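# A look at the structure
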Amino acid sequence: MGLIGKARTMAAKFFGEVSRKIGRPQSKTWMRARYDAAQTNDQNKRHWSNADDTSPNSANLPGVRQTLRRRSRYEAANNGFCKGLLRTLRNDVIGIGPRLQLSLPATWIDPDFQTKMATPENAAHEVERRFKKWLKAAGIAQVLRIMQESSDRDGEVFGVFVTNPKIQDRVHLTLRAVEADQCTTPTFTGLDPLAVDGIRFDEFGNSVEFHFLKYHPRDPYPRGYADFDRVDGRYVVHWYDPDRPGQRRGIPALTASLPLYATLRRYGSAVLAAAETAANHAAVLTTDQPPPEGTPPDDDLPENFDRIPLPQNGGVTLPYGWSLTQMDAKQPTTTFPQHQATVLTETGAPVCAPRNVSTKSSAEYNYSSARLDHLPYRRSIEITRDRSGDEILDRLFLAWLQEALLIEGHLPDGLPPVCEWEWVWQWQGFESIDPVKDATAIDIGLKNGTLTLAEVLANRGIDWEEHLAQKAREQDKLNEYGLSAVMIAATGTAMPAGDGEDGANNSSASQAAASGGVQATALNGAQFDSLLGLADRLAAGTFNADSAKALVKMGFPLISDKLILRFVDGLVSAPKPPATEGATSAATQTA
């Protein structure tokens, strides 16, 4: 027995004795647990030959990131599917840009004098308006779209807070996008544990300093490529999506898809070449007969691979023993579209893109499959938007606010401290795949209280307060012109409830008849009798005029306020006949 066997025996006796002493059953066999994926054999050793255990930063060394960036840019510039996927992602994530929705407290405590202060009315709306104007003037939406596409294609991108005096706004702050190639340290040695190429960190992992080359290293004219600027980390946004803890630099989101794109392009080129070869050869002359005996070498016989012109729509005769056959085109095969769609679907998987986004075709979709496929895609977009709000937009807003507060009269006076402010970022909503089903679900949710109007409108990128304010303005305008919003919704036609001295409008009646709205809006017999009963009570003085107006408005919402006013005031101001017992009894019965 060898040393290993003796050691195992001694260990078994020792642990068995310990188990007996503590009351545990003695294990009589050695259990060896293992994973199939951890085994290396002749079938899988080549597949796993490139697997390593490098750290996240050593795996993404400058040379590795540079190679991945070059190949990703090349594929995006030469592959329509890859470019289309990147452009769709940036448009879906950023869209027309974010929108600030600010909430300020009604009252707050002055930190200096400890007195209770009131926030000016509409102060939040004024700050939102100023910030929106600056976003447009500085072109922030376009910068964000460029940064999003660069991050997916190159792996990372940087945004630097700079001052641009040419901006048509009182705040000259802007965000300048910088490519990953320029964030590098020419003197980087790798010996500093708190630094990677282009970035220095503190002991807590916060970026404190960035190094940017003054010029792009691949500019076509000579520059000082070793010259770089040191920028404080407070003024730099590093936009990338890390995969591992401690990862300091990013790699392209489509890294796993690059070999697939290359394979698909090669396969497509080979299929096209095979189809062109078959199409370029109309027919082939073949024979199994040897040349006739005694034929002189210079006789007029066809040479190998010689071309013979064939007349269009004409017949030909062939020598004895010769045959004419057409090329059998094998490409493209019937499975080529399925293969292409399958590969393109896999290329979009790293960015959670559904099949129709990767293939740019929804031919195989129905409503249900489209909705299911887009659920994880939209969830991914929501996560990316949330990250951009935390890492880019919040910092950008605070930097803008810091400068705007220094400009006299630019923002309302009496604003509470910034620590009391609350805000969210609203993004462009997604178009409904099935509008009827979505509208029904929203209606049910609003009625049973599981949804709020703010949630519904936020999903569409609409500010609920502005929405309600707009509805109020529309209602005021409808009332001004004597129109009814309910009537418009029911008939699709803006129908005046009455104008002129007699409250009638023949043209509006013609419009109602043409749109089929007369039947829907005319009073029936019971309603007419109710109005007559109310008129009798008003005439008899047994009913208050204001109460009558409110009652008519509740019972007949399609009647305009102007007409109700004339109806009630006319009865109140009319001369009253002497009251008799019979008249009072008749009025009571009518009511």
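The rules behind the values
- Residues numbered from 1 in each chain as written.
- Predicted model: local features only at pLDDT ≥ 70, side-chain atom pairs only at ≥ 80, totals over all residues.
- Heavy atoms only, no water.
- Helix = DSSP H or I, 4+ residues; strand = E, 2+ residues; numbered from the N terminus.
- Expected span 1.5 Å × (residues − 1).
- Buried < 20%, exposed > 50% of the residue type's maximum accessible area, 1.4 Å probe, protein only.
- Core = buried A, V, L, I, M, F, W, Y, C linked by side-chain atoms within 4.5 Å.
- Contact = heavy atoms within 4.5 Å.
- Salt bridge = Lys/Arg side-chain N within 4 Å of Asp/Glu carboxyl O.
- Pairing = 2+ DSSP bridges.
- Axes fitted to C-alpha atoms, helices over the stretch in contact; angles between N-to-C directions.
- Parallel < 35°, antiparallel > 145°, perpendicular 65-115°, else oblique.
- Left-handed = near helix turned anticlockwise from the far one by under 90°.
- Phe/Tyr/Trp six-rings, centres within 6.5 Å; stacked < 30°, edge-to-face > 60°.
- Lys NZ or Arg CZ within 6 Å of the ring centre and 35° of its normal.
- pLDDT = per-residue confidence, 0-100.
- Lys, Arg positive; Asp, Glu negative; His and termini not counted.

Moving on: helix α5 (residues 140-154). Across its 15 residues, α5 extends 20 Å between first and last C-alpha, which sits within 8% of the 21 Å expected from 1.5 Å per residue. A large share of α5 lies buried, amounting to 13 of its 15 residues. Taken from the residues just after α5, Gly155 is the one with a positive phi, measuring 100°.

Moving on: the nonpolar core. In this structure, Leu85, Phe131, Trp134, Ile140, Leu175, Trp400 and Trp421 are the most contacted members of the largest nonpolar core, which totals 54 residues. When residues of this core are assigned to their parent elements, the largest contribution, 10 residues, is made by helix α9 (residues 367-404). Ignoring any residue separated from it by four or fewer positions in sequence, one finds Phe131 in contact with Leu100, Phe397, Trp400 and Trp425. Ranked by size, the runner-up nonpolar core spans 12 residues in total, among them Phe210, Phe212, Val231 and Val236.

Below, the discussion takes up the pattern of salt bridges. Evaluated as defined, the whole model comprises 26 salt bridges. Between Arg200 and Asp192 there is a salt bridge; the shortest N-O distance is 3.6 Å. Arg200 gets classed as partly exposed once you look at its relative accessible area, which sits at 30%. Look at the salt bridges and you will find they share partners, linking Arg69, Arg73, Arg153, Asp154, Glu179 and Asp181 into a network.

The strand order β5-β4-β10 describes an open sheet built from three strands, whose pairing is antiparallel. Each end of this open sheet is capped by a strand with a single partner; those strands are β5 (173-179) and β10 (236-240). For this sheet, the mean inter-axis angle between neighbouring strands, taken without regard to orientation, is 25°. Summarising the sheet, strand β4 (residues 156-163) and β10 pair through five bridges and their orientation is antiparallel. When the bridges of β10 are listed, Phe158 appears paired with His238.

Where helix α3 (residues 80-94) meets α5, the closest approach of the two axes is 9 Å, and the angle between their N-to-C directions is 135°. When the axis of α3 is compared with that of α5, the two are oblique. The chirality of how α3 crosses α5 is right-handed. On α5, the residues that touch Lys83, Leu86, Arg87, Leu89, Arg90, Asn91, Val93 and Ile94 of α3 are Ala141, Gln142, Leu144, Arg145, Ile146, Gln148, Glu149, Asp152 and Arg153.

If you walk across this open sheet you meet the four strands as β6-β7-β8-β9, and the pairing is antiparallel. The outermost strands of the open sheet, each flanked by one partner alone, are β6 (195-196) and β9 (228-232). The pairing of β6 with strand β7 (residues 199-201) spans two bridges and is classified as antiparallel. Opposite Ala195, over in β7, you have Arg200 as the bridge partner.

Helix-helix packing: each pair is described by the crossing angle between the helix axes and the interaxial distance. Here α3 crosses α9 at 65°, and the two axes come no closer than 9 Å. For the crossing formed where α3 meets α9, the hand is right-handed. Judged by residue contacts, Thr88, Leu89, Asp92 and Val93 of α3 engage Tyr377, Ile381, Thr384 and Arg385 from α9.

With that out of the way, let us pick up the packing of aromatic side chains. Tallied over the full model, the rule gives 12 aromatic pairs. Plain terms: the ring middles of Phe131 and Trp134 are 5.6 Å apart, the flat faces sit at 35° to each other, and that makes the pair tilted. One end of the pair, Phe131, and the other, Trp134, are both in helix α4 (residues 123-138), three residues apart, so they sit about a helical turn from each other. Using a relative accessible area of 0% as the deciding quantity, one classes Trp134 as buried. Here Phe131 and Phe397 contribute two aromatic rings whose centre-to-centre distance is 5.1 Å and whose plane-to-plane angle is 85°, an arrangement assigned as edge-to-face. Remark: Phe397 occurs in helix α9 and Phe131 occurs in helix α4; sequence separation between them is 266 residues. Assessed through its relative accessible area of 2%, Phe131 is described here as buried. Directly above the ring of Phe201 sits Arg248, whose terminal nitrogen or CZ lies 4.4 Å from the centroid.

The next thing to look at is the confidence of the model for the chain. Averaged over the chain, the pLDDT score is 82; the fraction of residues at 70 or greater is 79%. Within the model, the stretch residues 489-520 combines pLDDT values under 50 with 37 contacts to residues more than four positions away or in other chains. For the stretch residues 582-591, pLDDT sits under 50, and the model shows five contacts to residues farther than four places along the chain or on other chains.

What follows covers the environment of Ser388. Mapping Ser388 onto the fold places it in helix α9. The spatial distance from the C-alpha of Ser388 to the C-alpha of Pro98 is 9.9 Å, given a sequence separation of 290 residues. Not counting the four nearest positions on each side in its chain, Ser388 is found in contact with Trp239, Leu393 and Trp427.

Here we take up helix α10 (residues 435-448). Spacing of three or four residues puts side chains on the same side of an α-helix, whose turn is 3.6 residues. For α10, spanning 14 residues, the distance from its first C-alpha to its last is 20 Å, which sits close to the expected 20 Å at 1.5 Å a residue. Positive backbone phi, approximately 85°, marks Gly449, located one or two places after α10.

Of note in the backbone geometry, Asn122 takes a positive phi value of approximately 65° without being a glycine. Tracing the chain through its elements places Asn122 in the loop between β3 (116-118) and α4. Phi at Lys360 takes a positive value of approximately 60°, unusual for a residue other than glycine. Judged by its relative accessible area of 43%, Lys360 is partly exposed.

For the rest of this paragraph, the subject is the side chain of Arg385. Tracing the backbone through its elements, the reader meets Arg385 in helix α9. Despite its burial, Arg385 pairs with no opposite charge, the nearest such side chain being Glu382 at 6.8 Å. Apart from residues no more than four positions distant in its own chain, Arg385 is found in contact with Asp92, Val93, Trp427, Gln428 and Phe430.

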